[in-house]
Structures are given as C-alpha cells and as structure tokens.
Amino acid sequence: MDLRRDTKLWNKPCCCVHHTTGQAQCTQIQTIFPQETTTLQHSSNMASSSPIIFLFVAFLLVASSLSPVFSLPIPSDSGQHHRAVNRTFHPGLQLQKLKRVRAYFRKINKPAVKSIQSPDGDVIDCVLSHLQPAFDHPKLRGQKPLDPPERPKGHDSINTMEETSQFWSNSGESCPEGTIPIRRMTEKDILRASSIKRFGRKSTRNVRRDSTGSDHEHAVVFVNGDQYYGAKASINVWAPHVADQYEFSLSQIWVISGSFGNDLNTIEAGWQVSPELYGDNYPRFFTYWTKQKDSLGLNLQTDAYQATGCYNLLCSGFVQTNNKIAIGAAISPRSSYNRKQFDIGIMVWKDPKHGHWWLEFGSGLLVGYWPSFLFSHLGNHANMIQFGGEIVNTRSTGFHTSTQMGSGHFSEEGFGKASYFRNLQVVDWDNSLLPLQNLHLLADHPNCYDIKQGRNNVWGTYFYYGGPGRNVKCP
C-alpha cells in the first residue's frame, strides 16, 4: 500500500504493503470443519444454550428437512467472499460452530465494572485495566501497564482544525479511573467472519509482488531508505460509502519493517469503514499489528499477515492505558462535503527507554503501547513509513467497485471536498519529529482513486487523496 509522486518526474519500481493481505505490490511509480456424524445428544446442549442459538439451530433443522441444499456465500481460498454457491446445511456442524463462537465470545468480552450504551448502538464495557486482553499473553500476565514515556522532541499538541472524538462519549458517561473502555463484541460480529480463527485478523494469502489481479487499491505517500522510529499526521475523517459487506475503506498510518516475504512487521492506526468487522458503515478508530508466532517458545518469527496479529483489542498484545478512548468505536463528528471539516491526530513512536511502540490519539491522549517483544524487525526500528488510503475491490458485480476512498472525491477538488492528511512527520533516532524527506507518492489505480501532495507553513507536508471508485474512466 503505497503511493507516491514528487516534484521531479522519474520512474522507480516500488513495493507497497496491502493492509489486509500483507502482499507486496510492485509498480512503476512517479516521484514529484470436516463433516462428521451427529446424534441427538446435541439437543440437550441446545436447550441450555442461549435463545439465539436455540432458535438458530431450530431453524437449521427445519430448513434442512425441507430442502437439503441452500445457496450460501462462502469464502474463497484467498479469504475473500464470493457470490452464492450451492452448499449442504449440516445442522450438527452449525451447532458446533455456534458453540465455538460462544466460547470465543466469553474469552474476548471481559467482565465489566460498568457498561455504557452508545448512541450508535455499541455497548462500551469499562474493564479493569489488569483484566484487559493484553494480559492474557504469557509474557504480560501479572504485569501492570507502564507509565507514560517521553514524547518526541518537537511534539506540539496544538490543533488548528476541529478535532473529532467518539460517539460513545456523547452519552455523557465515562469509564472510571483504573479501567479501560472496550467495545463489546456480539455473536453477530463473530458470525459475520469467514471463520472464528480469522475473526479480527487479516486474510491469509500468499505474498505477491505484482499488481495485476490485486483487489486492494491504494493512494498513499511513503518514505523509505532510512531508519524510522515513529510517524505522526492529522487525518481528515469522512464516512465513505462501502459497496459490499466484504470490502472496506480505510485511511491510516503504516509503520513497517522487514521484508515483503515471510517476516513483515507492521503497526497501523487510523480510521476505517468495515461492514464485515463492525456490521455498519460508521468510520471507526482502529489499530492493527502483525506480531510473532510463539510456538512453545521456539522459532519466533513474524508472519507477514499469514497467521497472527489482529485488529484493536481482539487478541493479546496491545496494552491500553487510557480510559477515554475505545479502540474500534465510531468517530463523531465526521466531515461533510463543502461544510465543516474534522480530523484526528495519530502518532506512533518508539519509546527510547523501553523500546515499546506507543500510540497517541488526538491532542495528547496516550492510548497505550505495543510491547517490543511482539516484533522482530520492529524491535529495532522501521524501514518504511506510509500514509494514505486503501480500499478492497471484490468486483462482486462484475465491475470495479463503487466503494469510495476518503471523501469519495478526487484530490483536485481540494479542501472541504477531497479528504486530506496534514502535518506529516517522522521520528528519528534522537526521538525528534522531523518533516518528510524524499517523499514518494503512489496511486495504483489513478482513474479510480488519486493523490496530490503539497506543502505550506500551516499544514507542513500534506496531501489530498481519494475517489469514487467506479466511474466512466474506472469501469
């Protein structure tokens, strides 16, 4: 996922990272359950389950007796969902799946000392800090969150634009000190995923270095060729239309290290619209990371999106320290075309003292950190920083998707109409924030989504990006 264009015109091959697949995309850029027999013993378990499971399984039993074959959407080998094909219902197997869902459901939803009903329908649970998912990790069990680190030199939390926050905080309630807010997951959330194993994780797919046939499209800015210890930007927030349940639209910062083969490390933060993950079309503050596989303490190596890492707090790893921000919660207010604009500040940087990667949201709100032991290459530094937008194009209608990126308008429309990133900076070895040097731009499908970079004294380095997707020039 990269984009780049410079003031001088020259061509250069470049690889970019796909947000969901982790596959590297190279292009010329211009710089300016196995089936088994079931018995009636399931009925006794069913009776003790929740009403949703009882009703669901009862439906399956009746439906299967009336017609053994139904048309269901199924995931492809690549992890993407395609249109309906004939599959046979197996009620016993469906019941087993639902039981696994409930077991996973109990694991990720921690006991709350207080619950807050958000106006958008979410429930935010206030969970004691030491009970958060991070401390299920064997290397973190029994520990407490660390104290805040030193901010990078040159860090300024003053914001000249309207900042946005989160829907749930509009309720007027908050989580008490000593707790963290966690968006409660529902059974519906998990059932939308292709499998429990893949829920909250990125699609398994081989890493490829070509752009042909890719269903991920980008408009991004990046820097590489140096050692980076963090990045910062303010990101304009919109609610782009997502045309298919299994597509998404996001705008984020990527902190990247390693190679595009088997050992890629990433830390990612920004906002996304993902109907599959959240069940709606709200833009939500999110994080993602890839981390090491730890199999009996042997052969620790990162997985380049192949097995581990997850969104938000859906697995152990990220340690949250803040009681005001819920990762995965909807952002409000959002920008409107030719009206008031809102953005969020995001900063990720490596603490020089302990080596952990910290996350800041808005004007100085520390959200938490990714412990350094989660990573191999990012245990030292990043070798690429990337800013921008990405969408998934499943071509489910046979044409290019009409999923929007950013505001859904091209970069040339400018402020109030096109989405932007502003005040782009990187953190160097001395824990200092610096402007970007040798900036590159990439729009891999410029007739669908494009990008335009600039610089001034107020916004520093900035860019406009995005587009409507399908149009006359993007069939």
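Residues numbered from 1 in each chain as written. Predicted model: local features only at pLDDT ≥ 70, side-chain atom pairs only at ≥ 80, totals over all residues. Heavy atoms only, no water.

Digging into helix α3 (residues 91-108)
Since there are 3.6 residues in each turn of an α-helix, residues three or four apart along the chain are aligned in direction.
Right, so step 1: When the terminal C-alpha atoms of α3 are compared, their 26 Å separation across 18 residues agrees well with the 26 Å that a helix rising 1.5 Å per residue should span.
Right, so step 2: Taken together, the buried positions of α3 are occupied by P91, G92, L93, L95, Q96, L98, V101, Y104, F105 and I108. (Helix = DSSP H or I, 4+ residues; strand = E, 2+ residues; numbered from the N terminus. Expected span 1.5 Å × (residues − 1). Buried < 20%, exposed > 50% of the residue type's maximum accessible area, 1.4 Å probe, protein only.)

Concerning unusual backbone geometry
Trans peptide bonds make up most of the peptide bonds, and negative phi angles are found at most residues other than glycine.
Right, so step 1: In this chain, S332 is followed by P333 through a cis amide linkage whose omega measures -5°.
Right, so step 2: By the secondary structure assignment, P333 is in the loop between β19 (331-332) and β20 (342-350).
Right, so step 3: In the Ramachandran plot, R395 falls in the positive-phi region, its phi being about 55° despite a non-glycine side chain.
Right, so step 4: Structurally, R395 can be placed in the loop between β23 (382-392) and β24 (419-427).
Right, so step 5: Residue classification places R395 among the partly exposed residues on the basis of a relative accessible area of 41%.

Looking at the sheet that holds strand β9 (residues 179-183)
Strand pairing in a sheet relies on backbone hydrogen bonds, with the paired strands running either antiparallel or parallel.
Right, so step 1: Judged by pairing direction, the sheet is antiparallel, and its three strands sit side by side in the order β5-β6-β9 without closing on themselves. With one partner strand each, in any of the chains shown, β5 (114-117) and β9 form the two edges of the open sheet. Put simply, the sheet's adjacent strands are angled 25° from each other on average, direction ignored. (Pairing = 2+ DSSP bridges. Axes fitted to C-alpha atoms, helices over the stretch in contact; angles between N-to-C directions.)

Quick notes on the confidence of the model for the protein chain
Right, so step 1: Averaged over the protein chain, the pLDDT score is 79; the fraction of residues at 70 or greater is 72%.
Right, so step 2: Every residue in residues 1-14 is under pLDDT 50, and counting partners more than four places away or in other chains gives 84 contacts.
Right, so step 3: Per-residue pLDDT stays below 50 along residues 26-50; that stretch engages in 65 contacts with residues further than four places along the chain or on separate chains. (pLDDT = per-residue confidence, 0-100. Contact = heavy atoms within 4.5 Å.)

A short note on the pattern of salt bridges
Right, so step 1: Across all of its chains, the model carries 12 salt bridges by this definition.
Right, so step 2: For D280, the salt bridge goes to R284, with nearest N and O atoms at 2.5 Å. Assigned by exposure class, D280 and R284 land together as buried.
Right, so step 3: Within the structure, one salt-bridge network assembled from shared partners comprises D120, D122, R183, D189, R192, D280 and R284. (Salt bridge = Lys/Arg side-chain N within 4 Å of Asp/Glu carboxyl O.)

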